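One-letter residues, chain by chain:
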Amino acid sequence: MRTPALTRRLRPFTSTIFAEITELARSTGSVNLGQGFPDTDGPPGMLRRAEHAIGEGVNQYPPGAGEPELRAAIGAQRRADYGIEHDPGSEILVTVGATEAISASMLALVEPDEEVVLIEPYYDAYPVAVAMAGGAHRSVPLRAERGRFRLDTAALRAAVGPRTRAVVLNSPHNPTGTVFTADELAAIAEICRENDLLAITDEVYEHLLFDGRAHTPLATLPGMAERTLSISSAGKSFSVTGWKIGWVCGPAELVSAVRAAKQFTTFVGGAPFQPAVAHALNEERPWLEELRSGLQRKRDRLTSGLRRAGFDVLPSEGTYFVCADVRPLGYSDGAEFCRALPERIGVAAIPPQVLCDDPEPMRHLARFAFCKRDEVIDEAVERLLELG
């Protein structure tokens, strides 16, 4: 057998910071504010619908594009929220979570000699998906300036070259919690139009914005509907991250290409969960609003505690996450801080710098998740106060 066994393009991705920090949290009995999953369940009506579907025998392969009921519900939600029309028969594809939608999009649309532009810090699956497609990625930084993380639009323009195929946009943004402004979105759209680029948008936190903000899909901007694949999922919106029900919406030609790749990865998945998610999209909007307002309160609860513990805290405009500056506590490196934290006081967090090609702009930060019960947040804060 030839060695090494792993292909060259995947060798940089043999482990993730999330697995590393979660194991540290488990082995030390830490409060885990690292991984972004809630510790409460979604709406009871949705859960009952899944149980009912299992009892009814909805346990075999669903249709390849997803259950028609779910595709119709996704289309209705996009129409009601954003005024976007999608044909459920040809312009909506159900996937095994948003991560599969991203990977299948890369496999379907990126040739081995092409490049994809990522905004960093990035969700760790993005560069892996590009690599699996045989492509290469270039990164453009967010910078903490004037009280929020801002996109360097000049760097974005400079990153686009003759081999660029697509730009990946995640807003609301994980891990920083920033929500891209109208001006930032307009600049991204302009660059895509001028260079004939595809846009792949990860919108899994589309409903989890705070302080009166509203989500604006890139596909709603002039000239973008025909070149944008919009990806979302039920996991974050309805607190069922383990169900792995995602979807991709866009022009029929692009969605058909993604389906061609997706059918040879998982083929289909989550049969009894698909009608339950359809129910949630159609009927559980009041619950979703309660989730959003509850998360805003939890953000404020954790932010207040972090500040009491001595951190400088950057605003979180959406998602599950808030980033804090570790330098007031005497640290200069967020990765060293996060790896030491579980053993030192029993709290786990994620260093955003490991989600960057250039770690320097994020080196002083740690990311904390606030999608937890209040008593869990309070216990973490009590432990963090020991750092002072």
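Structural data are supplied above this passage.
The structure reproduced in this document is the subject of the present report. Quick caveat: nothing in here was measured; it's all calculated off a predicted structure. (Residues numbered from 1 in each chain as written. Predicted model: local features only at pLDDT ≥ 70, side-chain atom pairs only at ≥ 80, totals over all residues. Heavy atoms only, no water.)

**With respect to the sheet that holds strand 13 (residues 365-369)**
Definition in use: At least two bridges found by DSSP between two strands are what make those strands a pair. Secondary structure follows DSSP: runs of H or I at least 4 residues long count as helices, runs of E at least 2 residues long count as strands, and numbering of each begins at the N terminus.
Taken together, the 3 strands give an open sheet; going across it, the order is 10-11-13, and neighbouring strands pair in antiparallel fashion. Looking at which strands have only one partner, the edges of the open sheet turn out to be strand 10 (312-313) and strand 13. Note: strand 11 (residues 321-325) against strand 13, 5 bridges, orientation antiparallel. Opposite Ala324, over in strand 13, you have Ala366 as the bridge partner.

**Focus: the layout of surface pockets**
We apply this condition: A 1.4 Å probe that fits into a set of points on a 1 Å grid over the protein atoms alone but cannot get out defines a cavity; an open set with protein on both sides within 12 Å along at least five of seven lines defines a pocket, and lining residues are those with an atom within 4 Å of a point. Grid points are joined across faces, edges and corners, and a volume is the space filled by probe spheres set on the points. Note on residue classes: Ala, Val, Leu, Ile, Met, Phe, Trp, Tyr, Cys and Pro are nonpolar, Asp, Glu, Lys and Arg are charged, and everything else, Gly too, is polar.
What the largest pocket holds in volume is close to 500 Å³. As for the largest pocket, its lining consists of 25 residues, of which Gly36, Thr99, Tyr123, Lys236 and Lys244 are closest to the centre. Among the elements of the structure, helix 4 (97-109) and helix 8 (234-237) are those that each provide at least two residues to the lining of the largest pocket. No other element matches helix 4, which puts 4 residues into the lining of the largest pocket. Tallied by class, the residues present in the lining of the largest pocket amount to 10 nonpolar, 10 polar and 5 charged. As a volume, the second largest pocket reaches approximately 310 Å³.

**A word on the sheet that holds strand 9 (residues 246-249)**
Cut-off, in case you're wondering: Geometry is summarised by axes, namely lines fitted to C-alpha atoms with helices restricted to the contacting stretch, and by angles between N-to-C directions that run from 0 to 180 degrees. Note on contacts: a residue pair qualifies if any of its non-hydrogen atoms lie within 4.5 Å across the two residues.
An order of 2-9-8-7-6-3-4-5 is seen for the 8 strands of this open sheet, with the pairing classed as mixed. The strands lining the two open edges of the sheet, one partner per strand, are strand 2 (92-95) and strand 5 (148-151). The sheet shows a mean angle of 25 degrees between the axes of neighbouring strands, taken without regard to direction. Direction of pairing for strand 4 (residues 136-145) relative to strand 5: antiparallel, over a ladder of 4 bridges. Directly across from Arg143, in strand 5, lies its bridge partner Arg150. Relative to strand 2, helix 3 (residues 68-82) is tilted by about 120 degrees, and along the sheet it contacts strand 2, strand 8 (228-233) and strand 9.

**Brief notes about unusual backbone geometry**
Peptide bonds are, in most cases, trans, and in most cases residues other than glycine have a negative phi. With an omega of 5 degrees, the peptide bond running from Glu120 to Pro121 counts as cis. Within the element layout of this structure, Pro121 appears in the loop between strand 3 (115-120) and helix 5 (125-132). Backbone torsion omega between Ser171 and Pro172 reads -5 degrees, so that peptide bond is classified as cis. Along the chain, Pro172 falls in the loop between strand 6 (164-170) and helix 7 (182-195). Positioned with a positive phi, Asp196 is a non-glycine residue whose angle comes to about 55 degrees. By the secondary structure assignment, Asp196 is in the loop between helix 7 and strand 7 (198-202). Even without glycine at this site, Phe267 takes up a positive phi of about 70 degrees. Here Phe267 is to be found in the loop between helix 9 (252-262) and helix 10 (273-283).

**Things to note about helix 4**
The criterion, for reference: Expected span, for any helix, means 1.5 Å times one less than how many residues it has. Between buried and exposed lies partly exposed: a residue is buried under 20% and exposed over 50% of the maximum accessible area for its type, with that area taken using a 1.4 Å probe on protein chains only.
Look at helix 4: 19 Å from first C-alpha to last across 13 residues, which is about the 18 Å you get at 1.5 Å a residue. With 10 of its 13 residues buried, helix 4 lies for the most part within the structure. Turning to helix 4, its buried residues number three or more, namely Gly97, Ala98, Glu100, Ala101, Ile102, Ser103, Ala104, Ser105, Met106 and Leu109.

Such coordinate-based values are descriptive only and should not be taken to indicate function.
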